[in-house]
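# Architecture and fold: a report
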There are 2 protein chains.
Amino acid sequence: MALGTDYELQECALARALEVVGERWSLLIVRDAFYGVQRFNDFLAHLGIPRAVLTSRLNALVAAGVLRKEPYQRAPLRHGYLLTGTGLELWGPLYQLSRWGGRHATDGGSYHLFAHADCGTDLDLVGVCPACGGGPVPPTAVVMRPNPARAGSHREDPVSRALVRPHPLLEPIASAASPTG
Amino acid sequence: MALGTDYELQECALARALEVVGERWSLLIVRDAFYGVQRFNDFLAHLGIPRAVLTSRLNALVAAGVLRKEPYQRAPLRHGYLLTGTGLELWGPLYQLSRWGGRHATDGGSYHLFAHADCGTDLDLVGVCPACGGGPVPPTAVVMRPNPARAGSHREDPVSRALVRPHPLLEPIASAASPTG
DNA sequence: CCCATTGGTCTGGTGAATGAACCTTCATCT
DNA sequence: AGATGAAGGTTCATTCACCAGACCAATGGG
(Lines give C-alpha, C1' and ligand atoms only; values in the text may rest on other atoms or scores of the structure.)
Protein backbone atom coordinates (compact mmCIF):
# COMPACT_ATOMS: atom_id res chain seq x y z
CA MET A 1 0.00 0.00 0.00
CA ALA A 2 0.99 3.56 -0.43
CA LEU A 3 3.05 5.37 2.09
CA GLY A 4 1.19 6.05 5.28
CA THR A 5 -1.38 3.36 4.70
CA ASP A 6 0.39 0.33 6.08
CA TYR A 7 1.36 -0.91 9.51
CA GLU A 8 4.77 -2.45 8.96
CA LEU A 9 5.64 -2.87 12.60
CA GLN A 10 2.53 -4.74 13.53
CA GLU A 11 3.05 -8.47 13.69
CA CYS A 12 -0.62 -9.10 13.57
CA ALA A 13 -3.07 -10.53 11.08
CA LEU A 14 -5.49 -7.71 11.82
CA ALA A 15 -2.91 -5.16 10.66
CA ARG A 16 -2.42 -7.14 7.46
CA ALA A 17 -6.17 -7.17 6.89
CA LEU A 18 -6.41 -3.44 7.49
CA GLU A 19 -3.68 -2.83 4.95
CA VAL A 20 -6.06 -4.36 2.42
CA VAL A 21 -9.48 -3.09 3.49
CA GLY A 22 -8.64 -0.51 6.16
CA GLU A 23 -8.25 2.57 4.04
CA ARG A 24 -10.99 5.12 3.87
CA TRP A 25 -13.83 3.95 1.57
CA SER A 26 -12.42 0.45 0.99
CA LEU A 27 -14.84 -1.44 3.19
CA LEU A 28 -17.79 0.55 1.86
CA ILE A 29 -16.77 -0.42 -1.66
CA VAL A 30 -16.71 -4.07 -0.60
CA ARG A 31 -20.09 -3.63 1.04
CA ASP A 32 -21.50 -2.22 -2.18
CA ALA A 33 -20.05 -5.17 -4.05
CA PHE A 34 -22.02 -7.47 -1.72
CA TYR A 35 -25.10 -5.40 -2.51
CA GLY A 36 -24.54 -6.24 -6.16
CA VAL A 37 -22.99 -3.00 -7.33
CA GLN A 38 -20.55 -3.75 -10.13
CA ARG A 39 -19.99 -0.66 -12.25
CA PHE A 40 -17.70 2.28 -11.71
CA ASN A 41 -20.44 4.86 -12.06
CA ASP A 42 -22.75 3.04 -9.67
CA PHE A 43 -20.09 2.92 -6.98
CA LEU A 44 -19.40 6.55 -7.70
CA ALA A 45 -22.97 7.75 -7.34
CA HIS A 46 -23.86 5.56 -4.38
CA LEU A 47 -20.73 6.28 -2.37
CA GLY A 48 -20.27 9.94 -3.20
CA ILE A 49 -16.55 9.27 -3.43
CA PRO A 50 -14.11 11.30 -5.56
CA ARG A 51 -13.47 9.59 -8.88
CA ALA A 52 -9.72 9.46 -8.45
CA VAL A 53 -10.07 7.83 -5.05
CA LEU A 54 -12.51 5.26 -6.40
CA THR A 55 -10.11 4.38 -9.20
CA SER A 56 -7.29 3.98 -6.74
CA ARG A 57 -9.31 1.85 -4.30
CA LEU A 58 -10.75 -0.43 -6.97
CA ASN A 59 -7.29 -1.05 -8.39
CA ALA A 60 -5.92 -1.76 -4.93
CA LEU A 61 -8.73 -4.19 -4.14
CA VAL A 62 -8.18 -5.97 -7.45
CA ALA A 63 -4.45 -6.15 -6.77
CA ALA A 64 -5.16 -7.57 -3.32
CA GLY A 65 -7.41 -10.25 -4.78
CA VAL A 66 -10.60 -9.01 -3.14
CA LEU A 67 -12.24 -7.90 -6.38
CA ARG A 68 -11.76 -8.96 -9.98
CA LYS A 69 -12.57 -7.18 -13.21
CA GLU A 70 -15.11 -8.89 -15.43
CA PRO A 71 -15.88 -7.56 -18.93
CA TYR A 72 -19.57 -7.07 -19.57
CA GLN A 73 -19.33 -5.54 -23.05
CA ARG A 74 -16.80 -4.90 -25.76
CA ALA A 75 -16.62 -1.84 -28.02
CA PRO A 76 -16.02 0.08 -26.00
CA LEU A 77 -14.59 -2.40 -23.53
CA ARG A 78 -16.29 -2.11 -20.19
CA HIS A 79 -15.95 -4.23 -17.13
CA GLY A 80 -17.60 -4.56 -13.76
CA TYR A 81 -15.94 -5.24 -10.43
CA LEU A 82 -16.95 -8.49 -8.73
CA LEU A 83 -16.00 -10.11 -5.47
CA THR A 84 -13.51 -12.96 -5.62
CA GLY A 85 -13.61 -15.92 -3.25
CA THR A 86 -11.32 -14.00 -0.94
CA GLY A 87 -13.65 -11.04 -1.13
CA LEU A 88 -16.70 -13.16 -0.40
CA GLU A 89 -15.08 -14.31 2.81
CA LEU A 90 -15.23 -10.74 4.06
CA TRP A 91 -18.96 -11.19 4.55
CA GLY A 92 -18.55 -12.38 8.14
CA PRO A 93 -16.44 -9.48 9.43
CA LEU A 94 -18.44 -6.99 7.42
CA TYR A 95 -21.79 -8.25 8.67
CA GLN A 96 -20.65 -8.29 12.28
CA LEU A 97 -19.19 -4.82 12.10
CA SER A 98 -22.42 -3.61 10.53
CA ARG A 99 -24.44 -5.15 13.32
CA TRP A 100 -22.19 -3.54 15.88
CA GLY A 101 -22.71 -0.20 14.16
CA GLY A 102 -26.47 -0.73 14.22
CA ARG A 103 -26.43 -1.40 17.94
CA HIS A 104 -23.91 1.19 19.09
CA ALA A 105 -23.25 3.82 16.46
CA THR A 106 -26.65 4.48 14.92
CA ASP A 107 -29.67 6.35 16.20
CA GLY A 108 -32.70 4.20 15.57
CA GLY A 109 -31.01 0.92 14.81
CA SER A 110 -29.92 -0.68 11.57
CA TYR A 111 -30.83 0.70 8.19
CA HIS A 112 -31.14 -2.75 6.61
CA LEU A 113 -32.15 -6.19 7.80
CA PHE A 114 -30.62 -9.42 6.54
CA ALA A 115 -32.53 -12.68 6.29
CA HIS A 116 -31.82 -16.26 5.27
CA ALA A 117 -33.12 -16.60 1.71
CA ASP A 118 -34.16 -20.23 2.20
CA CYS A 119 -36.50 -19.64 5.13
CA GLY A 120 -36.91 -15.90 5.48
CA THR A 121 -35.64 -15.79 9.06
CA ASP A 122 -33.51 -12.82 10.07
CA LEU A 123 -29.89 -13.67 10.79
CA ASP A 124 -28.57 -13.50 14.34
CA LEU A 125 -25.67 -11.39 15.54
CA VAL A 126 -22.99 -13.63 14.08
CA GLY A 127 -24.74 -14.29 10.80
CA VAL A 128 -26.30 -17.67 11.61
CA CYS A 129 -29.91 -18.47 10.74
CA PRO A 130 -31.71 -19.09 14.05
CA ALA A 131 -34.26 -21.34 12.35
CA CYS A 132 -31.92 -23.49 10.29
CA GLY A 133 -28.90 -23.50 12.60
CA GLY A 134 -25.56 -24.68 11.36
CA GLY A 135 -22.77 -22.31 10.45
CA PRO A 136 -23.01 -18.75 9.24
CA VAL A 137 -25.26 -18.24 6.22
CA PRO A 138 -23.15 -17.53 3.12
CA PRO A 139 -23.84 -14.18 1.43
CA THR A 140 -25.26 -16.01 -1.59
CA ALA A 141 -28.16 -17.10 0.62
CA VAL A 142 -28.89 -13.74 2.22
CA VAL A 143 -31.64 -11.30 1.29
CA MET A 144 -31.43 -7.72 2.48
CA ARG A 145 -34.33 -5.33 2.91
CA PRO A 146 -34.80 -1.86 4.38
CA ASN A 147 -35.57 -1.69 8.06
CA PRO A 148 -39.28 -0.79 8.20
CA ALA A 149 -38.69 0.92 11.56
CA ARG A 150 -36.79 3.62 9.71
CA ALA A 151 -37.94 6.25 7.27
CA GLY A 152 -37.11 5.29 3.71
CA SER A 153 -34.05 6.49 1.89
CA HIS A 154 -34.04 10.05 0.64
CA ARG A 155 -31.39 9.34 -1.92
CA GLU A 156 -31.96 9.22 -5.63
CA ASP A 157 -29.00 7.36 -7.08
CA PRO A 158 -29.81 4.10 -8.93
CA VAL A 159 -28.42 1.87 -6.20
CA SER A 160 -30.34 3.53 -3.40
CA ARG A 161 -33.53 3.34 -5.46
CA ALA A 162 -33.04 -0.36 -6.08
CA LEU A 163 -32.45 -1.10 -2.41
CA VAL A 164 -35.81 0.21 -1.22
CA ARG A 165 -37.16 -3.25 -1.98
CA PRO A 166 -35.81 -6.65 -0.86
CA HIS A 167 -32.69 -7.64 -2.70
CA PRO A 168 -30.57 -10.82 -2.64
CA LEU A 169 -26.94 -10.11 -1.94
CA LEU A 170 -24.59 -10.30 -4.93
CA GLU A 171 -27.43 -10.02 -7.43
CA PRO A 172 -26.42 -7.35 -9.97
CA ILE A 173 -27.98 -4.04 -9.19
CA ALA A 174 -28.78 -0.70 -10.84
CA SER A 175 -27.28 -0.15 -14.27
CA ALA A 176 -26.33 -3.79 -14.61
CA ALA A 177 -29.85 -4.94 -13.82
CA SER A 178 -32.99 -4.48 -15.85
CA PRO A 179 -33.33 -0.80 -16.70
CA THR A 180 -36.96 -0.68 -15.63
CA GLY A 181 -37.88 2.71 -14.29
CA MET B 1 -15.49 12.93 13.62
CA ALA B 2 -13.25 15.38 11.94
CA LEU B 3 -13.93 16.62 8.48
CA GLY B 4 -13.14 14.04 5.86
CA THR B 5 -13.43 11.12 8.19
CA ASP B 6 -17.14 10.50 8.02
CA TYR B 7 -19.56 9.14 5.49
CA GLU B 8 -22.59 11.38 5.83
CA LEU B 9 -24.38 10.20 2.73
CA GLN B 10 -24.29 6.53 3.60
CA GLU B 11 -27.51 5.30 5.13
CA CYS B 12 -25.82 2.23 6.46
CA ALA B 13 -24.87 0.90 9.86
CA LEU B 14 -21.47 -0.12 8.51
CA ALA B 15 -20.71 3.49 7.63
CA ARG B 16 -21.70 4.56 11.14
CA ALA B 17 -19.40 1.90 12.59
CA LEU B 18 -16.54 3.01 10.39
CA GLU B 19 -16.98 6.59 11.54
CA VAL B 20 -16.15 5.29 15.00
CA VAL B 21 -13.46 2.68 14.37
CA GLY B 22 -12.63 3.16 10.69
CA GLU B 23 -9.91 5.74 10.95
CA ARG B 24 -6.32 4.79 10.60
CA TRP B 25 -5.00 3.17 13.83
CA SER B 26 -8.38 3.07 15.58
CA LEU B 27 -9.00 -0.64 15.24
CA LEU B 28 -5.42 -1.44 16.18
CA ILE B 29 -5.85 0.59 19.35
CA VAL B 30 -8.98 -1.40 20.15
CA ARG B 31 -7.09 -4.61 19.43
CA ASP B 32 -4.35 -3.57 21.85
CA ALA B 33 -7.01 -2.81 24.45
CA PHE B 34 -8.24 -6.42 24.08
CA TYR B 35 -4.65 -7.55 24.56
CA GLY B 36 -4.70 -5.74 27.90
CA VAL B 37 -2.79 -2.61 26.95
CA GLN B 38 -4.07 0.28 29.03
CA ARG B 39 -1.46 3.02 29.21
CA PHE B 40 -0.68 5.79 26.79
CA ASN B 41 3.00 4.95 26.57
CA ASP B 42 2.33 1.26 26.01
CA PHE B 43 -0.01 1.98 23.11
CA LEU B 44 2.59 4.41 21.83
CA ALA B 45 5.49 1.99 21.87
CA HIS B 46 3.57 -1.03 20.65
CA LEU B 47 1.80 0.74 17.79
CA GLY B 48 4.57 3.05 16.67
CA ILE B 49 1.96 5.76 16.21
CA PRO B 50 2.61 9.52 16.43
CA ARG B 51 1.77 10.84 19.88
CA ALA B 52 -0.62 13.47 18.59
CA VAL B 53 -2.52 10.89 16.58
CA LEU B 54 -2.75 8.53 19.55
CA THR B 55 -4.12 11.34 21.72
CA SER B 56 -6.69 12.16 19.08
CA ARG B 57 -7.78 8.56 18.57
CA LEU B 58 -8.02 7.74 22.26
CA ASN B 59 -10.15 10.82 22.86
CA ALA B 60 -12.38 9.94 19.92
CA LEU B 61 -12.82 6.37 21.12
CA VAL B 62 -13.67 7.61 24.62
CA ALA B 63 -16.15 10.09 23.17
CA ALA B 64 -17.72 7.31 21.12
CA GLY B 65 -18.09 5.12 24.20
CA VAL B 66 -15.71 2.42 23.03
CA LEU B 67 -13.07 3.15 25.68
CA ARG B 68 -13.26 4.77 29.09
CA LYS B 69 -10.58 6.44 31.20
CA GLU B 70 -9.87 4.79 34.52
CA PRO B 71 -7.50 6.42 37.06
CA TYR B 72 -4.80 4.10 38.33
CA GLN B 73 -2.90 6.59 40.47
CA ARG B 74 -3.22 10.11 41.78
CA ALA B 75 -0.45 12.66 42.24
CA PRO B 76 0.21 12.97 39.48
CA LEU B 77 -3.13 11.83 38.17
CA ARG B 78 -2.75 9.03 35.66
CA HIS B 79 -5.36 6.94 33.97
CA GLY B 80 -5.52 3.93 31.72
CA TYR B 81 -7.85 3.35 28.79
CA LEU B 82 -10.18 0.38 29.16
CA LEU B 83 -12.83 -1.12 26.93
CA THR B 84 -16.45 -0.34 27.74
CA GLY B 85 -19.26 -2.80 27.17
CA THR B 86 -19.70 -1.30 23.73
CA GLY B 87 -16.00 -1.75 23.08
CA LEU B 88 -16.05 -5.36 24.26
CA GLU B 89 -18.71 -6.11 21.67
CA LEU B 90 -16.17 -5.29 18.98
CA TRP B 91 -14.49 -8.60 19.74
CA GLY B 92 -16.55 -10.47 17.16
CA PRO B 93 -15.87 -8.23 14.15
CA LEU B 94 -12.28 -7.76 15.20
CA TYR B 95 -11.62 -11.47 15.60
CA GLN B 96 -13.24 -12.33 12.28
CA LEU B 97 -11.35 -9.64 10.42
CA SER B 98 -8.16 -10.87 12.00
CA ARG B 99 -8.89 -14.42 10.88
CA TRP B 100 -9.60 -13.19 7.38
CA GLY B 101 -6.27 -11.38 7.40
CA GLY B 102 -4.52 -14.52 8.56
CA ARG B 103 -6.02 -16.52 5.72
CA HIS B 104 -5.77 -14.01 2.88
CA ALA B 105 -3.44 -11.15 3.70
CA THR B 106 -0.59 -12.81 5.57
CA ASP B 107 2.28 -14.96 4.39
CA GLY B 108 2.56 -17.90 6.71
CA GLY B 109 -0.76 -17.63 8.48
CA SER B 110 -1.80 -15.91 11.68
CA TYR B 111 0.66 -14.44 14.12
CA HIS B 112 -1.42 -15.38 17.14
CA LEU B 113 -3.80 -18.19 18.03
CA PHE B 114 -6.86 -17.79 20.21
CA ALA B 115 -8.20 -20.52 22.46
CA HIS B 116 -11.12 -21.01 24.82
CA ALA B 117 -9.70 -20.48 28.31
CA ASP B 118 -12.05 -23.05 29.88
CA CYS B 119 -10.98 -25.98 27.74
CA GLY B 120 -7.93 -24.89 25.78
CA THR B 121 -9.51 -25.55 22.38
CA ASP B 122 -8.69 -23.12 19.58
CA LEU B 123 -11.64 -21.02 18.45
CA ASP B 124 -13.18 -21.63 15.05
CA LEU B 125 -13.54 -19.07 12.29
CA VAL B 126 -16.47 -17.26 13.88
CA GLY B 127 -15.13 -17.35 17.43
CA VAL B 128 -17.03 -20.35 18.73
CA CYS B 129 -15.34 -23.07 20.77
CA PRO B 130 -15.58 -26.28 18.71
CA ALA B 131 -15.41 -28.39 21.88
CA CYS B 132 -17.92 -26.52 24.02
CA GLY B 133 -20.26 -25.30 21.30
CA GLY B 134 -22.81 -22.66 22.03
CA GLY B 135 -22.39 -19.05 20.98
CA PRO B 136 -19.18 -17.14 20.40
CA VAL B 137 -16.71 -17.24 23.26
CA PRO B 138 -16.61 -13.85 25.02
CA PRO B 139 -13.19 -12.16 25.05
CA THR B 140 -12.99 -12.60 28.82
CA ALA B 141 -12.72 -16.35 28.20
CA VAL B 142 -10.09 -16.22 25.47
CA VAL B 143 -6.38 -16.89 25.81
CA MET B 144 -4.04 -15.76 23.06
CA ARG B 145 -0.63 -17.19 22.31
CA PRO B 146 1.96 -16.77 19.56
CA ASN B 147 1.58 -19.05 16.56
CA PRO B 148 4.41 -21.61 16.97
CA ALA B 149 4.54 -22.03 13.18
CA ARG B 150 5.97 -18.52 12.99
CA ALA B 151 9.28 -17.12 14.13
CA GLY B 152 8.94 -15.20 17.35
CA SER B 153 8.59 -11.47 17.52
CA HIS B 154 11.66 -9.38 16.90
CA ARG B 155 10.23 -6.44 18.72
CA GLU B 156 11.40 -5.15 22.05
CA ASP B 157 8.64 -2.98 23.38
CA PRO B 158 7.07 -4.10 26.68
CA VAL B 159 3.83 -5.25 25.09
CA SER B 160 5.52 -7.37 22.43
CA ARG B 161 7.74 -8.93 25.08
CA ALA B 162 4.77 -9.83 27.22
CA LEU B 163 2.91 -11.42 24.33
CA VAL B 164 5.57 -14.03 23.57
CA ARG B 165 3.87 -16.19 26.19
CA PRO B 166 0.19 -17.11 26.48
CA HIS B 167 -1.92 -14.26 27.71
CA PRO B 168 -5.61 -14.00 28.62
CA LEU B 169 -7.36 -11.23 26.77
CA LEU B 170 -8.12 -8.08 28.77
CA GLU B 171 -5.63 -8.97 31.49
CA PRO B 172 -3.50 -5.85 32.12
CA ILE B 173 -0.23 -6.02 30.29
CA ALA B 174 3.20 -4.43 30.30
CA SER B 175 3.64 -1.39 32.55
CA ALA B 176 0.38 -2.03 34.30
CA ALA B 177 1.28 -5.64 35.08
CA SER B 178 3.97 -6.97 37.37
CA PRO B 179 7.27 -5.39 36.33
CA THR B 180 9.05 -8.74 36.32
CA GLY B 181 11.93 -8.80 33.85
C1' DC C 1 18.47 21.03 42.61
C1' DC C 2 18.61 17.98 38.85
C1' DC C 3 16.72 14.31 36.59
C1' DA C 4 13.43 10.63 35.22
C1' DT C 5 8.61 9.19 34.36
C1' DT C 6 4.15 9.81 32.33
C1' DG C 7 1.10 11.88 29.34
C1' DG C 8 0.51 14.90 26.84
C1' DT C 9 0.68 19.72 23.23
C1' DC C 10 2.86 22.37 19.42
C1' DT C 11 5.07 22.99 14.93
C1' DG C 12 6.62 22.44 10.29
C1' DG C 13 6.77 19.41 6.38
C1' DT C 14 4.57 15.80 3.38
C1' DG C 15 1.42 12.93 1.32
C1' DA C 16 -3.36 11.77 0.61
C1' DA C 17 -8.29 13.16 -0.09
C1' DT C 18 -11.30 16.31 -2.34
C1' DG C 19 -14.08 18.48 -6.15
C1' DA C 20 -14.02 20.11 -10.62
C1' DA C 21 -12.56 20.05 -15.18
C1' DC C 22 -10.97 17.48 -18.89
C1' DC C 23 -10.08 13.25 -21.97
C1' DT C 24 -11.02 8.92 -24.75
C1' DT C 25 -13.81 5.41 -26.99
C1' DC C 26 -17.67 4.19 -29.14
C1' DA C 27 -23.02 4.10 -30.19
C1' DT C 28 -26.73 6.55 -31.59
C1' DC C 29 -29.39 10.41 -33.37
C1' DT C 30 -30.17 13.77 -37.02
C1' DA D 1 -20.72 13.60 -41.34
C1' DG D 2 -21.23 15.88 -37.25
C1' DA D 3 -23.33 16.44 -32.72
C1' DT D 4 -24.53 14.19 -28.52
C1' DG D 5 -24.15 11.32 -24.75
C1' DA D 6 -22.64 7.32 -21.85
C1' DA D 7 -18.87 4.96 -19.39
C1' DG D 8 -14.67 5.04 -17.23
C1' DG D 9 -11.33 7.10 -16.29
C1' DT D 10 -6.90 11.13 -15.71
C1' DT D 11 -5.18 15.68 -14.29
C1' DC D 12 -5.07 19.56 -11.38
C1' DA D 13 -5.10 22.92 -7.36
C1' DT D 14 -6.52 23.09 -2.76
C1' DT D 15 -7.34 21.37 1.70
C1' DC D 16 -6.67 18.34 5.30
C1' DA D 17 -4.85 14.66 8.07
C1' DC D 18 -0.60 12.15 9.20
C1' DC D 19 4.04 12.28 10.56
C1' DA D 20 8.43 12.99 13.35
C1' DG D 21 10.38 15.45 16.62
C1' DA D 22 10.69 19.19 19.99
C1' DC D 23 8.71 21.05 23.78
C1' DC D 24 5.78 21.30 28.22
C1' DA D 25 3.67 20.16 32.95
C1' DA D 26 3.13 17.57 37.28
C1' DT D 27 5.35 14.74 40.45
C1' DG D 28 8.79 11.79 42.95
C1' DG D 29 13.58 10.22 43.92
C1' DG D 30 18.64 10.84 44.55
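Structure shown above.
The rules behind the values
Residues numbered from 1 in each chain as written. Chains lettered and ligands numbered in written order. Predicted model: local features only at pLDDT ≥ 70, side-chain atom pairs only at ≥ 80, totals over all residues. Helix = DSSP H or I, 4+ residues; strand = E, 2+ residues; numbered from the N terminus. Buried ≥ 20, exposed ≤ 12 C-beta atoms within 10 Å, placed from the backbone. Contact = placed C-beta atoms within 7 Å. Least-squares fit on C-alpha atoms with pLDDT ≥ 70 in both.

Residues and elements named next belong to chain B. Residue placement: I173 occurs in the segment after strand 5 (167–168). On the basis of neighbour counts, which here come to 23 C-beta atoms within 10 Å, the residue I173 falls in the buried class. Sequence-wise, I173 and R39 are 134 residues apart; in three dimensions their C-alpha atoms are separated by 9.2 Å. Ignoring sequence-local partners within four residues, the contact set of I173 consists of Y35, G36, V37, V159, A162 and H167.

For the rest of this paragraph, the subject is the relation of the copies chain A and chain B. Rotating chain A by 180 degrees and moving it 0.0 Å along the rotation axis overlays it on chain B with an RMSD of 0.0 Å. A rotation of that kind, with that shift, is consistent with a two-fold axis. Relative to the rotation axis, the C-alpha of P93(A) is the closest in chain A, positioned 2.5 Å from it. Interface overlap between copies: 100% of the residues of chain A at the interface are likewise at the interface in chain B, consistent with a symmetric, same-surface contact.

For the rest of this paragraph, the subject is the interface of chain A and chain B. Across the contact, 38 residues belong to chain A and 38 residues belong to chain B. Every element with two or more residues in the side of chain A that touches chain B is listed here: helix 1 (13–21), helix 2 (26–35) and helix 6 (91–104) of chain A. Per-element tally for the side of chain A that touches chain B: the top contributor is helix 6 of chain A, with 10 residues.

Purely geometric stuff here, so don't read any function into it on its own.
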